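# Descriptive analysis of the structure
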Amino acid sequence: MSPTNRSYPSFRSVLAEHPLSRIAGAHSPLGAVIAEQVGFQAVWASSFEISAARCLPDASLLSMTDYLAAAANIQKALSVPVVADCDTGFGNSMNVAYMVAEYERAGITAVCIEDKIFPKMNSFAAADHSLLDVGDFAHKIETAKKAQHHEEFFVIARTEAMISGLGVDEALKRCAAYADAGADAVLVHSKQATKDEVITFLDQWDDRLPVVVVPTTYPDWHAEEARAAGVSAVIYANQGLRATITSLRTALGSIYETGHSAHLEDSIAGVKDVFELQRLDQWQEFTA
C-alpha cells in the first residue's frame, strides 16, 4: 500500500469493538503516529494542542480551516480514526452544517462540539465559561446529524456544565437533551481535582449514549476503573504536548549549557527512528 493511501476504521466501529476506547491528543501527524504505535485506538485532534503549537491561546482564534487542515493531515498518517475537536462548531447551526460537510469530505469520521458560547475559552483558563441555551445547542446537534452523508459519521455532544460551575444536575439535563437531539455520545468535562463529580454523573446517567471523559485534572483515574464506572472512551487530551514541552526544554537547555549534544545521544531518538516514522523506506520504493 502506498504511504499516501492508508485505510482506517470509523470511530463508530472502534467504539463498538472496544469496551473502553483510549484516545490520545495530538496536534501533528508525528505525535499521532506515535500514539497509534503505542496502542491508542484513536487520536484526538485537540484544539488546545493545535493552537498551542502555533503559540496561540485556545480561544477560537484559529479558524475552522486551520483546525480542519490539522485534523486531515493527522488522519492521512494514521490507520486509526481521528476524533476532531471542533470547539463550538465554529459558529451557529449554519456553520455546523458546513463543518460536518467539510470534515466528512476530509475523511474524518467523528467530531466533538461543545455547548459554550462562541467564541469560547479553554476550559481550564480563568475566564467566563457561559453556556449556550440548551435548546440552541440541541439544534446544533440536530443540524449536524441532518447534515451528515455517511451513516458511520459520529457526533459527540460535549457539555461544559460542570466546568461552568452549574453542577451535575445541569450536566445530566443537558446530556439528555442532546441525546434527544440525536447525538451519538456525550462528553462530560470536569476541572475538579478528583473524579467524584464525573462518578456522580455516571451513577445517574441512564446509559442512553456512550460517555466520553477527559481526566486532565484527575489523572489518577485508571482506565479500567473508568470502564467499570460506565465510561466508553477516555481522552488523554494534552499530555503528549506537555511532555514534548518538558523534553524540548530539558534537551535544548542542556545543549546550550554544555555546548554540545554528546551526552544526550543515548537518550534521544536516533535519525533512523525519524526515518521509520517518515516511512522513508516506502517512499524510496518509488525511486527503485
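Structure: see above.
Below: a short report on this structure. (Residues numbered from 1 in each chain as written. Predicted model: local features only at pLDDT ≥ 70, side-chain atom pairs only at ≥ 80, totals over all residues. Heavy atoms only, no water.)

This paragraph deals with the overall build of the protein. Scanning the protein for helices and strands turns up twelve helices and eight strands. Relative to a compact globule of 288 residues, whose C-alpha radius of gyration would be 19 Å, the protein shows 20 Å and is just as compact. In terms of its C-alpha atoms, the protein occupies a principal-axis envelope of roughly 60 × 40 × 35 Å. Within the protein, the fraction of its 288 residues that count as buried is 48%. Contacts in the protein between residues at least 24 apart in sequence constitute 70% of all its contacts with a sequence separation of at least 6. Accessible area for the protein stands at about 13900 Å²; split by element, carbon and sulfur atoms hold 55% of it. (Helix = DSSP H or I, 4+ residues; strand = E, 2+ residues; numbered from the N terminus. Rg over C-alpha atoms; globule rule 2.2 N^0.38 Å. Buried < 20%, exposed > 50% of the residue type's maximum accessible area, 1.4 Å probe, protein only. Contact = heavy atoms within 4.5 Å. Areas by Shrake-Rupley, 256 points an atom, 1.4 Å probe, with all protein chains shown as cover.)

Over its 14 residues, helix α6 (residues 134–147) runs 20 Å from end to end, which matches the ideal 20 Å to within 8%, given 1.5 Å per residue. For α6, the complete set of buried residues consists of Val134, Phe137, Ala138, Lys140, Ile141, Thr143, Ala144 and Ala147. Those residues of α6 hidden inside the fold are in contact with α5 (93–105), β4 (110–114), β5 (154–159) and α7 (167–180). Where α6 starts, the residue carrying a side-chain oxygen 2.9 Å from the main-chain nitrogen of Gly135 turns out to be Asp133. (Expected span 1.5 Å × (residues − 1). Polar contact = N/O pair within 3.5 Å; in protein donor to acceptor, adjacent residues only side chain to side chain.)

This next bit is on a nonpolar patch on the surface. Residues Leu30, Ile34 and Val38 make up a contiguous nonpolar surface patch of roughly 280 Å² in combined accessible area. With relative accessibility at 61%, the residue Val38 sits in the exposed group. (Patch = residues over 30% accessible without salt bridge, like charges linked within 9 Å, V, L, I, M, F, W, Y side chains within 5 Å. Salt bridge = Lys/Arg side-chain N within 4 Å of Asp/Glu carboxyl O.)

Here we come to the environment of Leu132. Within the fold, Leu132 resides in the loop between β4 and α6. Measuring from C-alpha to C-alpha, the distance between Leu132 and Phe118 comes to 8.5 Å, with 14 residues separating the pair along the chain.

Below, the discussion takes up the sheet that holds strand β6 (residues 185–188). On the basis of which strands lie adjacent, the closed barrel formed by eight strands has the order β1-β2-β3-β4-β5-β6-β7-β8 and parallel pairing. Strand after strand, the sheet turns through a mean of 25° between neighbouring axes, direction not considered. Here three bridges tie β6 to strand β7 (residues 211–213), and the two strands are oriented parallel to one another. Within the sheet, the bridge partner assigned to Val188 lies in β7 and is Val213. (Pairing = 2+ DSSP bridges. Axes fitted to C-alpha atoms, helices over the stretch in contact; angles between N-to-C directions.)

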